Amino acid sequence: MSSPHQSVPPAKSSHTTDKGTDTGRPSRPGGLRSASPGRLAAIGAVVLAYLIFVIAGTVQDWSLGVRIGTIVPTAVIVWLLVPRRANTPTPGVHVIGVPRLAYIGVLVLAFCVFFPFVGWPVALWPLLLAPVIAVWWVVRTHTTVSGSGLDLSSMTGKKHLDWAQIKGISIPKRGYVRARLADDSEVKLPAVGYDRLRELIEASGGLLPDVFAAAETAEAERLAAERAELAAERAEAEAEPDTKAE
């Protein structure tokens with residue numbers, strides 16, 4: 001296990017909650033991640049139908065208000081198709097994902113590229129792929145902690161790590177925390193930054209080494225050694241006058 005580059009462990013993350021609850025990305029059914037293939041196909045069909053409508057309206061020179069206004073019922077239909085979340089978490093499963101606040105950034109990005117899409121040259125239409133890619137990144141990027149190990153999901157694929165394969169964790173200066181495997185290779189843990197490390201360790205139930213406890217112990221030992229050294233220096237300073245007097 002490698003030590004963290006940071007000298008002081010962070011306080012409990014603002015995303016971290018008590019055991020049994022979720023942070024950032026719930027371990028509950030609901031959302032795009034838990035949608036069935038049929039429901040995802042329906043959402044994709046609605047979005048595609050709207051895009052076709054906008055393209056046809058642009059070609060036919062329909063009113064800009066009509067093309068933009070239709071996005072409201074389209075958004076409502078998509079929202080209704082997204083599965084609602086249950087109230088109880090899945091026992092023994094904890095999902096660490098990109099915080100939901102990231103969707104605000106996606107919404108801002110979609111707003112920025114929407115007007116070029118409906119009113120400007122066709123050459124700018126590929127910009128609409130940017131929010132789609134952003135949504136895909138938010139939905140796909142997560143690390144699931146369970147009794148069987150870690151399930152890693154990224155934009156390009158998924159990977160499972162058994163607990164027996166993991167011998168420690170590594171904390172780089174930048175980027176995601178890494179799992180150090182038995183063969184000394186390292187694997188990135190999607191969505192697990194340094195601020196989510198405490199959450200990961202707590203969710204593992206002691207199967208991952210607690211680097212925060214180790215850092216706190218080392219700090220306590222350092223302070224104790226400094227106090228002992230200071231006490232020895234004071235005792236030596238107090239003994240010097242007596243020696244001179246003799």
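Residues numbered from 1 in each chain as written. Predicted model: local features only at pLDDT ≥ 70, side-chain atom pairs only at ≥ 80, totals over all residues. Heavy atoms only, no water.

> Let's hear about the overall build of the protein: which residues, and what values?
Each helix and strand in the protein was counted, giving 7 helices and 7 strands. Ordered by position from the N terminus, the helices and strands of the protein form the series α-α-α-β-α-α-β-β-β-β-β-β-α-α. When contacts within the protein are restricted to residue pairs at least 6 apart in sequence, long-range pairs at least 24 apart make up 60% of them. (Helix = DSSP H or I, 4+ residues; strand = E, 2+ residues; numbered from the N terminus. Contact = heavy atoms within 4.5 Å.)

> So, the sheet that holds strand β5 (residues 166-170): which residues are in play, and what are the values?
Reading across from one edge, β5-β6-β7 is the order of the 3 strands in this open sheet, with antiparallel pairing throughout. Of all the strands in the sheet, the pair left with one neighbour each is β5 and β7 (186-188). Strand-to-strand twist of the sheet, defined as the mean angle between neighbouring strand axes without regard to direction, takes the value 30°. In the sheet, β5 pairs with strand β6 (residues 178-181) via 4 bridges, with the strands oriented antiparallel. For S170, the partnering residue across the bridge sits in β6 and is R178. (Pairing = 2+ DSSP bridges. Axes fitted to C-alpha atoms, helices over the stretch in contact; angles between N-to-C directions.)

> How would you sum up the pattern of salt bridges? Please name residues and give values.
Counted by the stated rule, this structure contains 4 salt bridges. Ionic pairing is found between R180 and E186, a salt bridge with its closest N-O pair at 2.5 Å. Through salt bridges with shared partners, one network takes in R178, R180 and E186. (Salt bridge = Lys/Arg side-chain N within 4 Å of Asp/Glu carboxyl O.)

> Go over the environment of L80 with me, naming the residues and quoting the values.
In this structure, L80 sits in helix α3 (residues 71-81). In this structure the C-alpha to C-alpha distance between L80 and I43, which are 37 residues apart in sequence, comes to 9.5 Å.

> I'd like to hear about unusual backbone geometry, residue by residue, with values.
Across the chain, the bulk of peptide bonds are trans and the bulk of non-glycine residues have phi less than zero. In this structure, D184 takes a positive phi of about 70° despite not being glycine. Its location among the elements puts D184 in the loop between β6 and β7. Residue D184 is classed as partly exposed on the basis of its relative accessible area, which comes to 48%. Here A191, not a glycine, exhibits a phi torsion of approximately 75°, which is positive. Summarising the element assignment, A191 is placed in the loop between β7 and α6 (197-203). (Buried < 20%, exposed > 50% of the residue type's maximum accessible area, 1.4 Å probe, protein only.)

> Quick rundown of the sheet that holds strand β2 (residues 142-146)? Include the residues and the values.
Pairing in this open sheet of 4 strands is antiparallel, and the strands run β1-β2-β3-β4 from one edge to the other. Each having just a single partner strand, β1 (94-97) and β4 (158-162) make up the two edges of the open sheet. Averaged over all adjacent pairs, the angle separating strand axes in this sheet is 15°, with direction ignored. Sheet topology places β2 next to strand β3 (residues 149-153); 5 bridges connect them, and they run antiparallel. In the strand pairing of β3, S146 is matched with G149.

> Which residues make up the pairing of β1, and what values go with them?
Each regular strand carries side chains that alternate between the two faces of the sheet. Because side chains alternate across β1, one face comprises the buried residues H94 and I96, and the other comprises V95 and G97, equally buried. Two elements, β1 and β2, share 4 bridges in a ladder whose sense is antiparallel. In the sheet register, H94 faces β2, and the bridge partner there is V145.

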